[in-house]
Amino acid sequence: MAIVSGGEAESRFGWARSARAVAGSDLRTDRPHTARVYDYYLGGKDHYPADREAAEKTLAVMPNARTMARQNRAFMRRATRYLAGEAGIRQFLDIGTGIPTSPNLHEVAQSVAPDSRIVYADNDPIVLAYARALLGGTPEGRTAYLDADLHDPESILGAPELRETLDLTAPVALSLVAIMHFVQDKDDPYGLVRRYLDALPAGSFLTLSQFSDELTPEETVEAVKVYSSRGLLGQARTQVEIGRFFDGLDLVDPGVTLVHRWRPDEPLDESLSDAAVSIFGGVARKP
């Protein structure tokens with residue numbers, strides 16, 4: 001299997017192709033974009049007036065949206081450290097990458113295990129524009145970026161960039177962090193996740209988090225209305241519904257829980273309520 005180094009990946013698969021694609025694409029900065037709105041919540045700088053307007057409208061009905069985004073990001077970092085450390089995983093597939101916000105998944109994984117290999121996948125032009133930031137890393141490790149759609153597992157799993165970076169006969173950690181709430185029930189979200197997992201060998205892991213309406217139902221209804229009115233379709237789910245994504249897998253303790261309660265680095269901040277987080281997540285191993 002040909003493995004592409006960090007520098008080679010940047011030249012062969014990443015920035016050159018990404019720059020050409022973005023140059024010919026329409027980022028539609030007059031419309032809000034989920035990746036840019038999320039970047040705004042995280043305190044980033046890669047957003048436009050339409051994104052800020054949508055974010056502020058959401059914050060007006062769901063004041064804890066920033067807290068939710070930041071706690072979700074912290075969950076990703078802890079889950080990745082666990083996988084690269086305790087679980088010994090050296091291969092990661094991150095779908096729904098979003099705008100790079102350091103530390104990115106490859107930075108976290110390679111800080112624990114420098115030889116970790118990471119493939120990022122996203123189909124948003126704005127993310128493609130920032131793909132270069134995702135293609136660095138350690139000399140021992142590998143990173144690659146795919147312009148691909150979550151809804152088409154075969155195009156991701158069969159991509160040359162992935163096949164030359166990851167060995168699908170060895171365990172892979174599949175990361176679906178804060179992406180499944182943009183897949184509606186009519187699109188069979190559970191079957192979609194299963195198609196990815198079926199292609200991965202025993203010993204692989206799933207990391208997944210999803211926005212919930214369980215603790216703040218009224219706020220959630222209003223927030224979904226804000227998003228929908230701007231063409232950003234999403235679907236909140238309960239803890240039980242989110243838990244279904246892990247059916248048939250062996251959950252890592254503490255199971256599917258609010259993300260700030262998943263193996264926190266420090267004692268929980270008592271001023272941070274569960275309702276303020278309202279994102280459930282978990283990590284599980286494929287037996």
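Draft legend 1. Local environment of helix α9 (residues 189-198). Residues of α9 that are buried: P189, Y190, L192, V193, Y196 and L197. Buried positions in α9, seen along its axis, are confined to an arc of 160° and lie on one side of it. Buried residues in α9 make contact with β1 (91-95), α7 (153-157), β4 (173-177), β5 (205-211) and α11 (239-243).

Draft legend 2. Seen up close, the packing of aromatic side chains. For the structure shown, the criterion picks out four aromatic pairs. Relative to W262, the ring of F75 lies with its centre 5.7 Å away and its plane at 90°, an arrangement referred to as edge-to-face. With F75 in helix α4 (residues 65-84) and W262 in the loop between β7 (257-258) and α12 (274-277), this pair connects stretches of sequence that are 187 residues apart. Here F75 matches W262 in class, with each residue buried. Each member of the aromatic cluster is reached from another via a ring pair, and the members are F75, Y82, F205 and W262.

Draft legend 3. How the structure looks around the pattern of salt bridges. Tallying each qualifying case throughout the model produces eleven salt bridges. Salt-bridge contacts for D51 lead to R36; the nearest nitrogen and oxygen are separated by 2.6 Å. Taken as a pair, D51 in helix α3 (residues 49-61) and R36 in helix α2 (residues 34-41) lie far apart in primary sequence, 15 residues in all. Across the pair, R36 and D51 agree in class, each one buried. Among the ionic pairs, D115 bridges to R90, the shortest N-O distance being 3.4 Å. Highlighted residues: D115 in the loop between α5 (105-112) and β2 (117-122) and R90 in the loop between α4 and β1, separated in sequence by 25 residues.

Draft legend 4. Region of interest: the environment of I279. With respect to the helices and strands, I279 occurs in strand β8 (residues 279-285). The sequence separation of I279 and D46 amounts to 233 residues, and the corresponding C-alpha distance is 23 Å. Sequence-distant contacts of I279, that is, excluding residues within four places in its chain, are made with M68, N72, S209, Q210, F211, T257, L258 and V259.

Reading the values: rules and limits
Residues numbered from 1 in each chain as written. Predicted model: local features only at pLDDT ≥ 70, side-chain atom pairs only at ≥ 80, totals over all residues. Heavy atoms only, no water. Buried < 20%, exposed > 50% of the residue type's maximum accessible area, 1.4 Å probe, protein only. Helix = DSSP H or I, 4+ residues; strand = E, 2+ residues; numbered from the N terminus. Arc of directions from axis to C-beta. Contact = heavy atoms within 4.5 Å. Phe/Tyr/Trp six-rings, centres within 6.5 Å; stacked < 30°, edge-to-face > 60°. Salt bridge = Lys/Arg side-chain N within 4 Å of Asp/Glu carboxyl O.

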